[in-house]
Amino acid sequence: MRHPATLLALVCAVLAVLAPASAHASHAQTMTFEATSDLKDPATRDQSFNEVAALGVHSMRVVLYWHDVAPQPDSRIKPKFDETSPSSYDWNGYDAVIDGIKQRGWSLLLTISGPVPRWATNGARDTLTRPSPSEFGKFVRAVAEHYGSKVDTWSIWNEPNQPQFLLPQYSPSHKPLSPGIYRNLYLAAQRGLRDAGLTGAHVLLGETSPRGTGKVVPPLTFLRGALCLDDHYKRIATQGCTKLQAAGYAHHAYTTGQGPAFKPKEPNDVTIGVLPRLTSALSRAAKAGAINGDLPLYLTEFGIESTPDPIRGVSLQRQSEYRAISERIAYENPRVVAFSQYLLRDAKALTGVPAFEKYSDFQTGLLTAAGKVKPSYDGFRLPLSVRRKAAKRVSLWGLVRPAGATTTATIEIRGKTGPWHALKTLRTDARGYFVASGALVADRQWRLAWRSPDGVIYRGTPTRAYAG
């Protein structure tokens with residue numbers, strides 16, 4: 001056992017070198033939470049709202065699927081109804097969720113997306129193939145008239161570069177087709193919002209998924225196609241390809257089990273570890289006159305997959321660490337104005353499928369499917385990232401998320417095992433963030449502690465220094 005005097009000397013030495021950094025990121029980054037399945041269930045709705053509030057989040061994302069609310073959505077023949085009237089649609093699956101969000105004074109990001117009614121597609125063969133822009137515009141008008149000012153930010157289509165949301169992605173000769181289809185849907189949505197009187201609506205472009213395959217169009221390929229740009233970001237002279245107006249670009253920067261440091265070899269992929277690819281592409285698109293300036297980046301869906309998923313899942317401890325590192329990466333990118341957490345509770349295991357598909361739905365929650373708290377729950381409330389920045393030095397970044405204002409937080413440390421010790425109490429900025437530097441010590445563990453105004457002491461998940 002280390003002698004108490006020696007331990008005291010060690011702590012004092014570290015206190016001398018742990019100092020606040022001189023500058024923070026130059027922007028505010030909001031956090032948006034998505035827990036629609038928990039919120040749609042009346043049995044779990046109030047508890048889920050309370051859980052999210054306790055974590056310090058006051059912004060929610062809801063994906064509204066056209067197919068879910070349309071009349072006779074599986075019919076090949078379009079029913080007779082007023083497509084622009086809110087009374088023609090069944091909003092029951094969404095009203096309680098959206099009303100609950102607004103009753104709490106929270107902000108709402110509403111993504112309007114496919115799948116769509118079968119009768120609204122080209123050929124009426126399925127609910128994904130070439131949705132009618134005209135019909136979509138009328139639907140968006142109805143959505144806007146029904147929810148109106150309750151929506152703070154609108155986003156058009158969830159992952160339009162994915163075949164489970166939009167078809168076709170490619171032609172038989174493998175030419176990307178979904179970007180052009182999406183462009184027409186986006187323009188139709190803007191017309192629908194204007195027709196509903198929302199001339200100043202805050203509308204996001206994109207909502208792209210992070211990686212391409214033989215069936216999924218890579219996000220940067222999709223971006224260029226939707227903006228009528230060639231591979232060198234030069235305008236393609238095509239009729240109707242005018243500048244697109246948007247309030248920002250939305251993207252889902254998921255990574256792999258390798259964590260946020262993963263850098264995909266495909267240059268048109270964008271995971272959290274290569275965000276500059278996307279911001280650079282947006283700047284080049286703005287320079288080409290394809291969009292209205294250097295758009296801010298909204299990371300509207302994100303999470304780290306954990307066990308029990310045997311293929312994509314990392315350990316529960318690693319999930320918390322990777323999530324904090326990812327949030328820091330986003331915070332340090334000045335173009336990112338919003339980050340997100342996808343799922344409060346893990347998706348339930350699938351039944352009647354092969355074992356390797358049992359957990360194919362997302363395991364990105366802060367709670368297990370059974371409701372047990374995962375380490376990432378505490379880590380989300382008090383995220384802490386410790387990055388090696390030079391020989392024997394670390395850079396610490398953290399957030400007291402529930403505070404929402406200037407507060408104090410304590411850095412606690414311990415070795416590989418043994419008791420925890422308070423190292424330093426730091427003062428956050430007006431949004432609860434802090435940045436500091438300190439000494440790198442082998443096998444050291446770090447965590448963040450915070451005393452709430454009502455006297456409850458919360459502690460984040462232990463973490464270790466990682467290579468930046």
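Look above for the structure.
Residues numbered from 1 in each chain as written. Predicted model: local features only at pLDDT ≥ 70, side-chain atom pairs only at ≥ 80, totals over all residues. Heavy atoms only, no water.

Draft legend 1. Local environment of the sheet that holds strand β13 (residues 421-427). Taking strand neighbours across the sheet as the criterion, the 4 strands line up as β13-β12-β15-β16 in an open arrangement whose pairing is antiparallel. Looking at the sheet topology across the chains shown, the edges are occupied by β13 and β16 (457-459). Geometrically, the sheet is characterised by an average inter-axis angle of 30 degrees between neighbouring strands, direction not taken into account. Pairing analysis gives 6 bridges linking strand β12 (residues 408-414) to β13, with the strands arranged antiparallel. Across the sheet, Thr408 pairs through a bridge with Arg427, a residue of β13. (Pairing = 2+ DSSP bridges. Helix = DSSP H or I, 4+ residues; strand = E, 2+ residues; numbered from the N terminus. Axes fitted to C-alpha atoms, helices over the stretch in contact; angles between N-to-C directions.)

Draft legend 2. Summary view of the packing of helix α7 (residues 178-195) against helix α8 (residues 219-226). Running from amino to carboxyl end, α7 crosses α8 at an angle of 55 degrees, the nearest separation of the two axes being 8 Å. Here α7 is positioned oblique relative to α8, judged by the angle of their axes. Handedness of the α7/α8 crossing: right-handed. Taken together, the residues of α8 that come into contact with α7 (itself represented by Ser178, Pro179, Tyr182 and Arg183) are Thr221, Phe222, Gly225 and Ala226. Counted by class, the contact of α7 with α8 contains 4 nonpolar, 3 polar and 1 charged residues. (Parallel < 35°, antiparallel > 145°, perpendicular 65-115°, else oblique. Left-handed = near helix turned anticlockwise from the far one by under 90°. Contact = heavy atoms within 4.5 Å. Nonpolar A, V, L, I, M, F, W, Y, C, P; charged D, E, K, R; others polar.)

Draft legend 3. Region of the structure containing the packing of aromatic side chains. Inspection of the entire model under this criterion finds 22 aromatic pairs. Considering the side-chain rings of Phe33 and Phe380, the 5.7 Å spacing of their centres and the 85 degrees angle between planes classify their relative orientation as edge-to-face. With a gap of 347 residues between them, Phe33 in strand β2 (residues 30-34) and Phe380 in helix α11 (residues 375-381) connect regions that are remote in the sequence. Classification of Phe380 by relative accessible area gives buried; the value is 0%. Measuring from centroid to centroid gives 5.1 Å for Tyr342 and Phe362, while their planes differ by 80 degrees, and the two rings are edge-to-face. Highlighted residues: Tyr342 in strand β9 (residues 336-342) and Phe362 in the loop between β9 and α11, separated in sequence by 20 residues. Looking at Tyr342, the relative accessible area reads 17%, which means it is buried. The class for Phe362 is partly exposed, based on a relative accessible area of 27%. A network of ring pairs unites the aromatic residues Trp66, Phe81, Tyr89, Trp91, Trp119, Phe136, Phe139, Tyr147 and Trp157 as a single cluster. Above the plane of the ring of Tyr94 lies Lys40, whose end atom (NZ or CZ) is 4.0 Å from the centre. (Phe/Tyr/Trp six-rings, centres within 6.5 Å; stacked < 30°, edge-to-face > 60°. Buried < 20%, exposed > 50% of the residue type's maximum accessible area, 1.4 Å probe, protein only. Lys NZ or Arg CZ within 6 Å of the ring centre and 35° of its normal.)

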